[in-house]
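Fold and geometry: a report
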Number of protein chains: 2
Amino acid sequence: MFDTNEFLTRIKGVQTRMAAQGLSALLLTQEADIRYLTGYLTRFWESPTRPWFLVLPASGLPIAVIPSIGAELMSRSVVEDIRTWSAPDYSDDGISLLRDTLREVAGKGRIGTPHGIESHLRMPLGDWIRLIKDVEIGSDMQVMRAARMVKTPLEVEAIREACQIAGRAFARVPEKARAGTPLSSVFRSFQMLCLEEGADWVPYLSGGKGSDGYDDVISPASDDPLQAGEIVMLDTGVIRNGYFSDFDRNYSVGAPSDAAARAYDKLMEATRAGEALLKPGSTAADIFHAMDTVCTGGAGGQSAGRLGHGLGLQLTEGLSFIADDHTVLEAGMVITLEPGVSVSGGTGLMVHEDDYVITDTGCERLSPAPADQMLRLDT
Amino acid sequence: MFDTNEFLTRIKGVQTRMAAQGLSALLLTQEADIRYLTGYLTRFWESPTRPWFLVLPASGLPIAVIPSIGAELMSRSVVEDIRTWSAPDYSDDGISLLRDTLREVAGKGRIGTPHGIESHLRMPLGDWIRLIKDVEIGSDMQVMRAARMVKTPLEVEAIREACQIAGRAFARVPEKARAGTPLSSVFRSFQMLCLEEGADWVPYLSGGKGSDGYDDVISPASDDPLQAGEIVMLDTGVIRNGYFSDFDRNYSVGAPSDAAARAYDKLMEATRAGEALLKPGSTAADIFHAMDTVCTGGAGGQSAGRLGHGLGLQLTEGLSFIADDHTVLEAGMVITLEPGVSVSGGTGLMVHEDDYVITDTGCERLSPAPADQMLRLDT
């Protein structure tokens, strides 16, 4: 769905930001950054064995320095200059090839690589130490983070499609889950629903259940059966054409307790408070405070640490809705609102999440509208 | 399925290796290393936002230095000392807490972190640079790689279960794929089969199709329909209880061409040549040469770069079957044999993969026996 022009636009956008920071070359090692500039899409990143390098000059196309096993797939991308070695190579796993390429591209100019939050250096640390003995490499000054934060129209459409797929799967959960169904079966069935509804794969699913909310939101599923009166939450990130959705839904098994129902109302209220400020000019902190006022009365945070984040090539990327994030929202940013509340009278918590794109005048929800009241599963 | 004793055994094993290397503390940042020592199992690693740190002293239990969102789940593990901060924190994302913990644990002793192949530093590079201004951290001297390479009996059983699940799914592919089925539908259906057969999730699926083999083995699926006479290959890594399978199967749509049938025979022959040497005392290089002789006549390699690898908490880990890997096989190692051959008279290639555990006297296949001839799909 992404043509050559799309990648040329992205490359140019990053290069404009590089120029502003005085960078002569970027070194990229992570899946999302490399895919952003080239469209190189493969699940082979699941294997940590081989490093993959993309070098972006100040102008012109990026250069791929990659294991030969990836040459065929990379040759279908916008990249023309593909330099390969046979990996794994214990004596030199692409490092001298990369060093020479960086020297050739940057000359005496500055080279940057992502240094900040949401980024890692995806290569062995020993190889990195060896590389920087020969070539000086500093921070990319958040060039990649900033470029990726504002989506192109095609990216927004890809995320919208992923959200619609997850939304259809969420709507069908009552077909597969009722009192007595083990939570692990719900997780398994839900992933199958996501695939049936068009997901390419399902990289992320977590959730929880409990009588008044749940203990945490990142656990894998136990085999415990759903019980009448419990709340069950599923939070998924599905992939379609390389882009993520990331939102959740809460269900009550039969009628919810009053406390859980009130907590859900509060989540809806917090979501609306966030939505009201989702527009160009608001800061991430503004959104945080608006939601936190509803969630905690303005206590300034909770164990999850944030109330939403950016979304795109990664399940989470870019900005965070925390008090310290002063990013100014722009049209084209795609984000999630993810309020959490504790359920009164208990130790449980509940969370809700939806996905949005910022428009010129406000925002548009990319995930289907959540129900005013929790969806019910049969007892 | 893993109890406290299992983790105490693993911890002790790593600490014995640390002592041999003169290490007073290990810093671990990656999912597989942290899970190996604690059982901390969550799909939340899909979000790159938050770093997770585990510090292993020379004796005693590991200390977790983690975002507060993970405290509840970590508290169910063997770890007793859990130090948290509210992440993301743009001014200090756990770094001062980690620094103090490392100083406390290591004193004036040496600290190591994984430096070598198959490992990455999973934290922002900028935070790493900040950390090592205050605390000297060197290589872990491959302590984690070596410890994880020899599996415990419970680990072998977990991998066997994952392999059986994938095997049942492979056997059912003819139910879902035939001439006319788009390859993307085959991929989607196959993932659903894996889940139906008991996979917790399906982190890896790649494959290819073509009339005489396929172009490459790491591409995502196109929407092209299967055609009579084509070969289709699916290579999957499914997760069960946190452990991976990793093997593939080839299918012919109707009768295969003679060239493809001969290539498949050669793959079986290469596999048997590898199996014959899979026993304690053989080196990884021995296995490579035995298989490479069949695959290429002893040319010394091909684009994939290796003919199999270790397997366990990661899709790929530990040793590689290449000429330069002189690891001596030991009972308890779990590996894959993955020969590849070019199909005569064309540009296509074919690969085959099976999973094995090294036993005291030889090896045992963990994946179901491959068919003597390619499985057929209906035309």
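Cut-offs applied
- Residues numbered from 1 in each chain as written.
- Chains lettered and ligands numbered in written order.
- Predicted model: local features only at pLDDT ≥ 70, side-chain atom pairs only at ≥ 80, totals over all residues.
- Heavy atoms only, no water.
- Contact = heavy atoms within 4.5 Å.
- Buried area = accessible area lost by both parts, 1.4 Å probe.
- Salt bridge = Lys/Arg side-chain N within 4 Å of Asp/Glu carboxyl O.
- Domains from an automatic or database assignment.
- Polar contact = N/O pair within 3.5 Å; in protein donor to acceptor, adjacent residues only side chain to side chain.
- Helix = DSSP H or I, 4+ residues; strand = E, 2+ residues; numbered from the N terminus.
- Nonpolar A, V, L, I, M, F, W, Y, C, P; charged D, E, K, R; others polar.
- Phe/Tyr/Trp six-rings, centres within 6.5 Å; stacked < 30°, edge-to-face > 60°.
- Buried < 20%, exposed > 50% of the residue type's maximum accessible area, 1.4 Å probe, protein only.
- 1 Å grid on protein atoms, 1.4 Å probe; cavity = no way out; pocket = protein on both sides within 12 Å on 5 of 7 lines; lining within 4 Å.
- Points joined across faces, edges and corners; volume = space filled by probe spheres on them.
- Least-squares fit on C-alpha atoms with pLDDT ≥ 70 in both.
- Pairing = 2+ DSSP bridges.
- Axes fitted to C-alpha atoms, helices over the stretch in contact; angles between N-to-C directions.
- UniProt positions renumbered as here; feature names shortened; annotations may be inferred.
- Core = buried A, V, L, I, M, F, W, Y, C linked by side-chain atoms within 4.5 Å.

Turning our eyes to something else, we now look at the interface of chain B and chain A. Contact with chain B, which involves 74 residues of that partner, is made by 74 residues of chain A. Regarding the contact of chain B and chain A, the summed buried area is about 6000 Å², with carbon and sulfur atoms giving 58% of it. When the area that chain B buries against chain A is broken down by residue, the three leading residues are Arg43, Tyr90 and Ile218 of chain B, summing to 13%. There are 4 salt bridges connecting chain B and chain A. Residue Asp200 of chain A pairs with Arg188 of chain B through a salt bridge whose shortest N-O separation is 2.6 Å.

Residues and elements named next belong to chain A. By the assigned domains, chain A splits into domain 1 (4-147) and domain 2 (153-377). Here the C-alpha centre of domain 2 lies 33 Å away from the C-alpha centre of domain 1. Between domain 1 and domain 2, a total of about 1100 Å² is buried, with carbon and sulfur atoms accounting for 49% of that surface. Across the pair Glu118 and Arg306 runs a salt bridge whose closest N-O atoms are separated by 3.4 Å. Counting every contact that joins domain 1 to domain 2 gives 5 residue pairs in polar contact (both at pLDDT 80 or more). Contributing elements (two or more residues each) for the side of domain 1 that touches domain 2: helix 1 (4-21) and helix 2 (31-38). Element by element, the count of residues in the side of domain 1 that touches domain 2 is highest for helix 2, at 3 residues. Residue composition of the side of domain 1 that touches domain 2, grouped by class: 3 nonpolar, no polar and 6 charged.

Before going further, it helps to examine the packing of aromatic side chains. All names here are of chain B. Applying the stated criterion to the full structure yields 18 aromatic pairs over all chains. Geometrically, the ring pair formed by Phe2 and Tyr243 is tilted, given 5.6 Å between the ring centres and 50 degrees between the ring planes. Remark: Tyr243 occurs in strand 9 (residues 243-244) and Phe2 occurs in the segment before helix 1 (4-21); sequence separation between them is 241 residues. Residue classification places Phe2 among the partly exposed residues on the basis of a relative accessible area of 21%. For Tyr243, a relative accessible area of 2% corresponds to the buried category. With centroids separated by 5.6 Å and ring planes inclined at 45 degrees, the aromatic side chains of Tyr40 and Trp52 adopt a geometry described as tilted. Residue Tyr40 is found in the loop between helix 2 (31-38) and strand 2 (53-57), and its partner Trp52 is found in the loop between helix 2 and strand 2; the two are separated by 12 residues along the sequence. For the residue pair Tyr40 and Trp52, the accessibility class agrees, reading buried in each case.

The gaps left among the atoms become clear once a water-sized probe is rolled over them. Counted under the stated rule, the structure contains 6 cavities of 30 Å³ or more. Of the voids in this model, the largest cavity is the one considered here, and its volume is about 1200 Å³. Lining the largest cavity we find 39 residues, and of these Trp45 and Glu46 of chain A together with Glu31, Trp45 and Glu46 of chain B sit closest to its centre. Secondary structure elements with two or more residues in the lining of the largest cavity: helix 2 and strand 7 (201-210) of chain A together with helix 2 and strand 7 (201-210) of chain B.

This part covers the relation of the copies chain B and chain A. Both copies of the chain are related by a screw-like operation: a rotation about an axis and a shift along it. Once chain B has been moved 0.0 Å along the axis and rotated by 180 degrees, it coincides with chain A to within an RMSD of 0.0 Å. Given the turn and translation reported, the copies of this chain are related as if by a two-fold rotation axis. Among all C-alpha atoms of chain B, that of Met192 of chain B lies closest to the rotation axis, at 2.7 Å. Comparing interface residues between copies, 100% of those in chain B also sit at the interface in chain A, which points to an isologous, same-surface contact.

Residue and element names in this part refer to chain A. Spatial strand order, 12-11-13-16-17: 5 strands in an open sheet with antiparallel pairing. The open sheet has two edge strands, strand 12 (317-320) and strand 17 (363-365), and neither has a second partner. With strand direction ignored, the average angle separating the axes of adjacent strands in the sheet is 30 degrees. Pairing geometry for strand 13 (residues 334-337) and strand 16 (residues 354-358), over 4 bridges, is antiparallel. When the bridges of strand 16 are listed, Val334 appears paired with Val357.

The subject of this paragraph is the UniProt feature "domain: Creatinase N-terminal" (unreviewed entry) in chain A. Under the UniProt annotation, "domain: Creatinase N-terminal" (unreviewed entry) lies at residues 10-119 of chain A. Span residues 10-119 of chain A is 33% helix and 23% strand, its end C-alpha atoms 19 Å apart.

Residue and element names in this part refer to chain A. Topologically, His352 is positioned in the loop between strand 15 (349-351) and strand 16. Classification of His352 as buried rests on a relative accessible area of 1%. Polar contacts involving the side chain of His352 include one to the side chain of Asp354, which spans 2.6 Å. Not counting the four nearest positions on each side in its chain, His352 is found in contact with Asp248, Arg249, Asn250, Leu267, Met268, Thr271, Leu337, Glu338, Pro339 and Pro370.

The biggest cluster of nonpolar side chains holds 176 residues, and the ones touching the most others in it are Val14 and Met350 of chain A together with Val14 and Met350 of chain B. Excluding residues that lie within four positions of it along the chain, Val14 of chain A makes contacts with Leu26, Tyr36, Leu37, Leu56, Val143, Met144 and Ala147 of chain A. Ranked by size, the runner-up nonpolar core spans 42 residues in total, among them Leu98, Leu102 and Ile111 of chain A together with Ala25 of chain B.

Let us look at the environment of Met192 of chain B. Counting through the fold element by element, Met192 of chain B comes out in helix 9 (residues 183-196). Owing to a relative accessible area of 15%, Met192 of chain B belongs among the buried residues under this scheme. Along the backbone, Met192 of chain B and Ala169 of chain B are 23 residues apart, and their C-alpha atoms lie at a distance of 8.7 Å. Beyond its immediate stretch of four places on either side in the chain, Met192 of chain B contacts Met192, Leu195 and Glu196 of chain A.

Residues and elements named next belong to chain B. Among the 10 residues in strand 8 (residues 231-240), 9 count as buried, and that is most of the element. In this sheet, strand 8 lies alongside strand 7 in antiparallel orientation, the contact comprising 8 bridges. If you follow Lys209 over to strand 8, its bridge partner there is Val232. Summarising the sheet, strand 8 and strand 10 (residues 247-253) pair through 6 bridges and their orientation is antiparallel.

Let us now look at the pattern of salt bridges. All names here are of chain A. Evaluation of the coordinates by the stated rule reveals 52 salt bridges over all chains. For Glu197, the salt bridge is made with Arg172, and the minimal N-O distance between the two is 2.8 Å. Here Glu197 is found in the loop between helix 9 (183-196) and strand 7, whereas its partner Arg172 is found in the loop between helix 7 (153-171) and helix 8 (173-176), with 25 residues between them in sequence. Each of Arg168, Arg172, Glu175, Glu196 and Glu197 takes part in one network of salt bridges that share partners.

For the rest of this paragraph, the subject is the sheet that holds strand 3 (residues 63-67) of chain B. Residue and element names in this part refer to chain B. Strand order in the open sheet formed by 6 strands is 4-3-2-1-5-6, with mixed pairing between adjacent strands. At either end of the open sheet lies a strand with only one pairing partner, and these are strand 4 (81-85) and strand 6 (138-139). Bridging between strand 1 (residues 23-28) and strand 5 (residues 110-113) involves 3 bridges; their strand directions are parallel. If you follow Leu23 over to strand 5, its bridge partner there is Arg110.

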